[in-house]
Amino acid sequence: LKQLPLFLREELACEVYKPVICYHPFIKNMLSIDKPFIASICQTALSPKSVMPMLDVFALGQECEAMYFVVAGQLAYFRGLSSRPNALEGCTTVEAGRWVCEYALLMAWKHRGLMVTMQTPCELALLDAGAFLSVLRSWPLVRDYC
């Protein structure tokens, strides 16, 4: 992909990430206000992450530096736990089309529980909080809206 011209890489990033992140109400609203802002987010602040089955995505107490969008697969969240329990009782499931950790975009945040993949691999899109804020600072229309 790095051999593609920059404009094609940017267009590809928009095609891949925009449908994923626009499920979120804030981002969907921003799309109606300033489409180039969303394109900039897709091009500079998002990255893919693949996690194999039954592995940790994040753990209790870790610094949260990104918002996670579930592209495919299913996650289980255990609030207040630092290690995987034997059973899935009491967990919250997060499926494709949903997101977690949006607070990372607003403030310094530490994870409050354990997030693990379920029986199948999981594909995620990570919205880096620092990169998001950098893009936000450079778009006055959106920044003023916030």
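Check the entry above for the structure.
Residues numbered from 1 in each chain as written. Predicted model: local features only at pLDDT ≥ 70, side-chain atom pairs only at ≥ 80, totals over all residues. Heavy atoms only, no water.

Draft legend 1. Broad picture of the sheet that holds strand E10 (residues 122–128). Pairing is antiparallel in the open sheet, where 4 strands are placed in the order E1-E10-E4-E7. Each having just a single partner strand, strand E1 (46–51) and strand E7 (99–100) make up the two edges of the open sheet. Bridge count for E1 against E10 is 6 bridges, and the pairing is antiparallel. Of the residues in E10, the one forming a bridge with Val 51 is Cys 122. Where helix H4 (residues 129–137) meets the sheet, its contacts fall on strand E4 (66–72) and E10, and the angle it forms with E10 comes to roughly 45 degrees. (Pairing = 2+ DSSP bridges. Helix = DSSP H or I, 4+ residues; strand = E, 2+ residues; numbered from the N terminus. Contact = heavy atoms within 4.5 Å. Axes fitted to C-alpha atoms, helices over the stretch in contact; angles between N-to-C directions.)

Draft legend 2. Quick look at the side chain of Ser 40. Take Ser 40: it is sitting in helix H3 (residues 35–44). Take Ser 40: its relative accessible area is 14%, and that puts it in the buried class. Setting aside residues up to four positions removed in sequence, Ser 40 forms contacts with Ala 45, Val 135 and Trp 139. (Buried < 20%, exposed > 50% of the residue type's maximum accessible area, 1.4 Å probe, protein only.)

Draft legend 3. Broad picture of the side chain of Thr 117. Relative to the helices and strands, Thr 117 resides in strand E9 (residues 113–117). We classify Thr 117 as buried; its relative accessible area is 0%. A distance of 2.8 Å separates a polar side-chain atom of Thr 117 from the backbone nitrogen of Met 54. In contact with Thr 117, not counting residues within four places along its chain, are Val 51, Met 52, Pro 53, Met 54, Leu 55, Val 57, Gln 74, Leu 75, Arg 84 and Cys 122. (Polar contact = N/O pair within 3.5 Å; in protein donor to acceptor, adjacent residues only side chain to side chain.)

Draft legend 4. Just the nonpolar core, in detail. Ranked by internal contacts, the top residues of the largest apolar core, which has 44 residues, are Ile 21, Ile 41, Phe 69, Leu 124 and Leu 127. The contacts of Phe 69, once residues within four sequence positions are left out, are Val 20, Ile 21, His 24, Ile 27, Arg 98, Trp 99, Glu 123, Leu 124, Ala 125 and Leu 127. Grouped together as the second largest cluster of nonpolar side chains are 7 residues, Ala 59, Cys 91, Leu 114 and Val 116 included. (Core = buried A, V, L, I, M, F, W, Y, C linked by side-chain atoms within 4.5 Å.)

Draft legend 5. The packing of aromatic side chains, seen in detail. Summed over the entire model, instances satisfying the criterion amount to 4 aromatic pairs. Summarising the aromatic geometry, the rings of Phe 58 and Tyr 77 are spaced 6.3 Å apart at their centres and angled 55 degrees between planes, so their arrangement reads as tilted. With Phe 58 in strand E2 (residues 56–58) and Tyr 77 in strand E5 (residues 74–79), this residue pair connects regions lying 19 residues apart in the sequence. On the basis of relative accessibility, which here comes to 3%, the residue Phe 58 falls in the buried class. (Phe/Tyr/Trp six-rings, centres within 6.5 Å; stacked < 30°, edge-to-face > 60°.)

Draft legend 6. Representation of unusual backbone geometry in the model. The phi torsion at Met 54 lies on the positive side, around 65 degrees, for a residue other than glycine. Assessed through its relative accessible area of 37%, Met 54 is described here as partly exposed. Phi is positive for Cys 101, which is not a glycine, with a value near 70 degrees. With respect to the helices and strands, Cys 101 occurs in the loop between E7 and strand E8 (109–110). On the basis of relative accessible area, Cys 101 is assigned to the buried category, the value being 14%.

Draft legend 7. Just the environment of Pro 53, in detail. Looking at where Pro 53 falls in the secondary structure, it is placed in the loop between E1 and E2. With a relative accessible area of 29%, Pro 53 lands in the partly exposed category. Distance from Pro 53 to Pro 19, taken between C-alpha atoms, is 24 Å for residues 34 residues apart in sequence. When near neighbours in sequence (up to four residues on either side) are disregarded, Pro 53 contacts Thr 117, Met 118, Gln 119, Thr 120 and Pro 121.

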